[in-house]
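Remarks on the overall topology
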Amino acid sequence: EKFTAEAHTIKGASLSVGAVLVGRNALITEMSGKQKNISVLPDNLNELKSALEKTTIILVERFGNDYINPS
């Protein structure tokens, strides 16, 4: 349940800032958790991680590394 709640939070936060790829993957992860479909969670988490990495690259390209890693 905690896992599903975290995916739900990531989904909402991501979609509220326009990170649609992350939000979509978080939704898939959230739904898998709600359906107790544990077998797909490792793949879902890998997809979510990939979406986060792609989004980070886009943000760094747009705003620079200081935006992502403020000093």
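Just so it is clear, the structure is predicted and the values come from calculations on it, not from any experiment.

Each helix and strand counted, the chain has 4 helices and 0 strands in total. From first element to last, N terminus to C terminus, the chain shows the α and β order α-α-α-α. Expressed as lengths along the three principal axes of its C-alpha atoms, the size of the chain is roughly 40 × 20 × 20 Å. Here the chain has roughly 5,100 Å² of accessible surface; of this, 59% comes from carbon and sulfur atoms. Separation between the mean location of the 8 positive side-chain charges and that of the 8 negative ones in the chain comes to 5 Å.

In this structure, Ala19, Val22, Ala26, Leu48 and Ala51 together form the largest nonpolar core, which totals 5 residues. Among the secondary structure elements, those contributing two or more residues to this core are helix H2 (20-34) and helix H3 (41-63). The contacts of Ala19, once residues within four sequence positions are left out, are Ser14 and Thr55.

This part is about unusual backbone geometry. In this structure, Lys36 is a non-glycine residue whose phi angle is positive, near 55°. Looking at the element boundaries, Lys36 is found in the loop between H2 and H3.

This next bit is on the pattern of salt bridges. By the definition in use, this model includes 3 salt bridges. The salt bridge partner of Glu6 is Lys2, with a shortest N-O separation of 3.0 Å. On the criterion of helical spacing, the pair formed by Glu6 and Lys2 is a turn pair, its members being 4 residues apart in helix H1 (residues 2-16). Note that Glu30 is salt-bridged to Lys34, the shortest N-O span being 3.2 Å. One end of the pair is Glu30 and the other is Lys34, both in helix H2 and 4 residues apart, which spans about a single turn. With relative accessibility at 1%, the residue Glu30 sits in the buried group. We classify Lys34 as exposed; its relative accessible area is 51%.

Cut-offs and rules
Sequence positions are assigned chain by chain, starting from 1 and proceeding in written order. Where local features are concerned, this predicted model is filtered to residues with pLDDT of at least 70; where side-chain atom pairs are given and counted, the filter is 80 or more; whole-chain, interface and lining totals use all residues. Water and hydrogen atoms play no part in the side-chain values, which are based on all heavy atoms of the structure. Under the DSSP-based scheme used, a helix requires at least four consecutive residues in state H or I and a strand at least two consecutive residues in state E, with every element numbered from the N terminus. In short, Shrake-Rupley with a 1.4 Å probe defines the accessible areas, and a residue's cover is counted only from the protein chains shown. Residues counted as positive are Lys and Arg, residues counted as negative are Asp and Glu, and His and the chain ends are not counted. By convention, the charge on Lys lies at NZ, on Arg at CZ, on Asp at CG and on Glu at CD. To form a nonpolar core, buried Ala, Val, Leu, Ile, Met, Phe, Trp, Tyr and Cys residues must be joined to one another through side-chain atoms within 4.5 Å. Accessibility here uses a 1.4 Å probe with only protein chains present; expressed as a share of the type maximum, an area under 20% marks a residue as buried, one over 50% as exposed, and anything in between as partly exposed. The contact definition used throughout considers only heavy atoms, calling two residues in contact when any of these lie within 4.5 Å. A pairing counts as a salt bridge when a side-chain nitrogen of Lys or Arg comes within 4 Å of a carboxyl oxygen of Asp or Glu.

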